[in-house]
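Now for the letters of each chain:
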Amino acid sequence: MTQLPQSTAKKLGLVIDLDTCVGCHACVTSCKGWNTENYGVPLSDDDAYGANPIGTFLNRVHSFEVQPEATGGCGSSAQTVHFPKSCLHCDDAPCVTVCPTGASYKRQEDGIVLVDEDACMGCGLCAWACPYGARELDSDSGVMKKCTLCVDRIYNENLPEEDRQPACVRTCPAGARHFGDFADPESNVSKLVEERGGFELMPEQGTKPVNRYLPPRKKDSWDSANNNVLPLNAISQEPKGFLKWLDSALGKV
Amino acid sequence: MHPAPSVIIFTVLTGLGFGFITWLGIGMPEVMGKSAFITYFGAFALSVIGLISSTFHLGNPKNAYKSFSQWRTSWLSREGWLAVATLLVTGLFAFLLIFFDKNLQILGYISSVLAVLTVIATSMIYIQIKAVPRWSHRSVMFYFITVSLAGGAILAGQHKPALVLTILAVIVQIVTWKIGDGRFKESGSTMETATGLGSIGKVRLFESPHTGDNYLLKEMAYVVGRRHANKLRALTLLFMGVIPAVLLLLSNGNTVALVLTAISHLIGAFASRWLFFAEAEHVVGLYYGKR
């Protein structure tokens, strides 16, 4: 079970657009909502209304500040990047192979990495093995929770077709999250990665993540030499003829 | 990494017990009847207390029996098999020694080999975690083996091997620290690679996902007490190295000195293992601006 498949027929995953994400955390909320009510045990919260609330989340949005080098192409002003992070459904998922009970597995048919909660003993070794922090041990149930890519939505024929995508993708008001099959070069996600130069997180960890991130687009800059936007000229004009007479006459009154 | 007491007790006591079994298995010392009962009772007590302690950090221990199923890929599963095999073979060997005064030496040798393999499997659980660069190095295996064999030799009353292994364990410990200190940098993981934003510039955390704590931070971004690391390293060297070495040199194998040596070794081993966890940094800390 915990042997990784040689290859998967599909490679389902997400493309997250760091240019478009506004950091509203709607994906965090919808993820928590869907996954608390559906697949597996609920995502618990401890001390939810107390001084130290703590809970399980499968998707979290970090915000980073990036400071370009003074001579960099984007000028020298820092930019804020909102950064949603969930399971990347790695091809070489280290979380799967370390699992002693066989609870963790990567599906041959679509590449989704899942946890069979009925087999998990809550040792937490898979969470240690994941460099991205995609797995969290639920303090209430004692089993490992992770993103399922909403496996109970994407194939769910009881849902209208437009809802058959992960809750985070469906809910994103900015359209910053895209769901699709990376094994198909003609898919929306493959094309986005191609066009926008999608990248992997921590490639040096050798996990071969499926999910890709799109970099922020280049910012405009005022101090650039080829800046051809001119300042606006004054458009007020001195009146002529009758209006000039009226203006001066009224001015004397 | 969070230094969970259950895991520290588990690795230290099981390592010590299995080190003891290693020496007993090769007939150092040779025990029969009552003496065999006492020594093997001690070795089993240490190993079993350690193994039971390991179940205390499980969130869902009712599924623990399933951990024997994935030996093809999982070092934790392999460790489980090896530990059980070691205890079974050792149990049979000891049973024949205690009740029948029969020394089936081949069983003893097998128990020694299995005990060492179990300690190696324990070390591999940590070595395989690439996301914790300090652990992900072969030196960690020698660290686990030398500490286990040194402790076992002290308990087995093997005066000279104990002295040699204590010195060796300290050398390996220092080398492991030295290598470990540079491992995070060698891993190449930075906030820039973690976010993929390095092509734009230098990255720092602007806002954490939540104002509160979470499982990842508690478990993998443990920073408390790291500032005491140097003091604890000194204590480790003192209790695991200097005191046992001096006691072994000055005494000539008398029991009181050996007991004191064993106690000192155990204190040092606990300090060392606490550091092994507390000093280890997980790359996920990069997403939280914590290292």
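Residues numbered from 1 in each chain as written. Chains lettered and ligands numbered in written order. Predicted model: local features only at pLDDT ≥ 70, side-chain atom pairs only at ≥ 80, totals over all residues. Heavy atoms only, no water.

Caption draft 1: Spatial organisation of the overall build of chain B. Within chain B, the regular secondary structure consists of 10 helices and 1 strand. When the helices and strands of chain B are placed in sequence order, the string is α-α-α-α-α-α-α-β-α-α-α. A globule of 291 residues ought to have a C-alpha radius of gyration of about 19 Å, and chain B, at 21 Å, matches this closely. Taken along its principal axes, the extent of the C-alpha atoms in chain B is 75 × 45 × 30 Å. Burial statistics for chain B: of 291 residues in total, 56% are counted as buried. Contacts spanning at least 24 positions in sequence make up 77% of the contacts within chain B whose residues lie at least 6 apart. In the structure as shown, chain B presents an accessible area of about 12800 Å², 71% of it carried by carbon and sulfur atoms. Looking at chain B, you have 23 positive and 11 negative side-chain charges, and the mean spots of the two groups are 1 Å apart. (Helix = DSSP H or I, 4+ residues; strand = E, 2+ residues; numbered from the N terminus. Rg over C-alpha atoms; globule rule 2.2 N^0.38 Å. Buried < 20%, exposed > 50% of the residue type's maximum accessible area, 1.4 Å probe, protein only. Contact = heavy atoms within 4.5 Å. Areas by Shrake-Rupley, 256 points an atom, 1.4 Å probe, with all protein chains shown as cover. Lys, Arg positive; Asp, Glu negative; His and termini not counted. Charge placed at Lys NZ, Arg CZ, Asp CG, Glu CD.)

Caption draft 2: Fine view of the pattern of salt bridges. In this structure the tally under the stated criterion is 19 salt bridges over all chains. Here A:K11 and A:D91 are joined by a salt bridge, their closest N and O atoms 2.9 Å apart. Placement of A:K11 in the segment before β1 (12-17) and of A:D91 in the loop between β5 (79-86) and α2 (94-97) is noted, with a sequence separation of 80 residues between them. Note on A:K11: relative accessible area 29%, which makes it partly exposed. Here A:K208 and A:D92 are joined by a salt bridge, their closest N and O atoms 3.1 Å apart. With A:K208 in the loop between α6 (188-196) and β11 (212-214) and A:D92 in the loop between β5 and α2, this pair connects stretches of sequence that are 116 residues apart. Several salt bridges converge on common partners, so that one network encompasses B:R134, B:D181, B:R233 and B:E279. (Salt bridge = Lys/Arg side-chain N within 4 Å of Asp/Glu carboxyl O.)

Caption draft 3: Looking closely at the nonpolar core. Within the largest apolar cluster, 130 residues are counted, with the highest numbers of intra-cluster contacts made by A:W128, B:Y126, B:W135 and B:Y287. Looking at this core, you find at least three residues from each of domain 1 (1-128) and domain 2 (160-291) of chain B. Apart from the residues lying within four places of it in its own chain, the contact partners of B:Y126 are A:W128, B:V7, B:T11, B:W135, B:S136, B:F144, B:F276 and B:F277. (Core = buried A, V, L, I, M, F, W, Y, C linked by side-chain atoms within 4.5 Å. Domains from an automatic or database assignment.)

Caption draft 4: Structural context of the domain arrangement of chain B. Residue and element names in this part refer to chain B. For chain B, the assigned domains are domain 1 (1-128) and domain 2 (160-291). Taken over C-alpha atoms, the centre of domain 1 sits 24 Å from the centre of domain 2. Counting residues at the interface gives 13 residues for domain 1, matched by 17 residues for domain 2. Counting the surface lost from both domain 1 and domain 2, the interface buries some 1400 Å², and carbon and sulfur atoms represent 79% of this. The interface formed by domain 1 and domain 2 contains 0 salt bridges. Scanning the region where domain 1 abuts domain 2 turns up 4 residue pairs in polar contact (both at pLDDT 80 or more). Broken down by element, the side of domain 1 that touches domain 2 gets its largest block of residues, 8 residues, from helix α1 (residues 5-25). Grouping the amino acids of the side of domain 1 that touches domain 2 by side-chain chemistry returns 11 nonpolar, 2 polar and no charged. (Buried area = accessible area lost by both parts, 1.4 Å probe. Polar contact = N/O pair within 3.5 Å; in protein donor to acceptor, adjacent residues only side chain to side chain. Nonpolar A, V, L, I, M, F, W, Y, C, P; charged D, E, K, R; others polar.)

Caption draft 5: Structural context of the sheet that holds β1(A). All names here are of chain A. Pairing is mixed in the open sheet, where 3 strands are placed in the order β10-β1-β11. The open sheet has two edge strands, β10 (177-181) and β11, and neither has a second partner. Ignoring which end each strand starts from, the neighbouring axes of this sheet average 25° apart. One ladder, built from 5 bridges, connects β1 with β10; its direction is antiparallel. Bridging from a neighbouring strand, V15 pairs with H178 of β10. The strands touched by α6 within the sheet are β1, β10 and β11, with β10 carrying the most contacts at an inclination of about 120°. (Pairing = 2+ DSSP bridges. Axes fitted to C-alpha atoms, helices over the stretch in contact; angles between N-to-C directions.)

Caption draft 6: Spatial organisation of the interface of chain B and chain A. The interface is formed by 59 residues belonging to chain B together with 60 residues belonging to chain A. At the boundary of chain B with chain A, total buried surface from both sides reaches about 4700 Å², with 61% on carbon and sulfur atoms. Linking chain B to chain A there are 1 salt bridge. The shortest N-O distance in the salt bridge between B:R204 and A:E65 comes to 2.9 Å. Summed over the shared surface of chain B and chain A, the number is 26 residue pairs in polar contact (both at pLDDT 80 or more). Listed by contribution, the elements that provide at least two residues to the side of chain B that touches chain A are α3 (75-100), α4 (105-127), α7 (191-195), β1 (201-207) and α8 (215-220) of chain B. Among the residues making up the side of chain B that touches chain A, the classes are represented as 27 nonpolar, 23 polar and 9 charged. Bridge count between strand β4 (residues 59-68) of chain A and β1(B): 6 bridges; the pairing is antiparallel. Note that in β1(B) the partner of A:V66 across the bridge is B:V203.

Caption draft 7: The arrangement of the packing of helix α6 (residues 159-187) of chain B against helix α9 (residues 229-250) of chain B in detail. All names here are of chain B. Contact pair α6 / α9: the axes reach a minimum separation of 9 Å and the direction vectors enclose 160°. Accordingly, the angle class assigned to the pair α6 and α9 is roughly antiparallel. For the pair α6 and α9, the sense of crossing is left-handed. Contacts between α6 and α9 involve H159, A162, L163, T166, V170, Q173, I174, W177 and D181 from the former and R233, T236, L237, M240, G241, P244, A245, L248 and L249 from the latter. Within the contact of α6 with α9, the residues separate by chemical class into 11 nonpolar, 5 polar and 2 charged. (Parallel < 35°, antiparallel > 145°, perpendicular 65-115°, else oblique. Left-handed = near helix turned anticlockwise from the far one by under 90°.)

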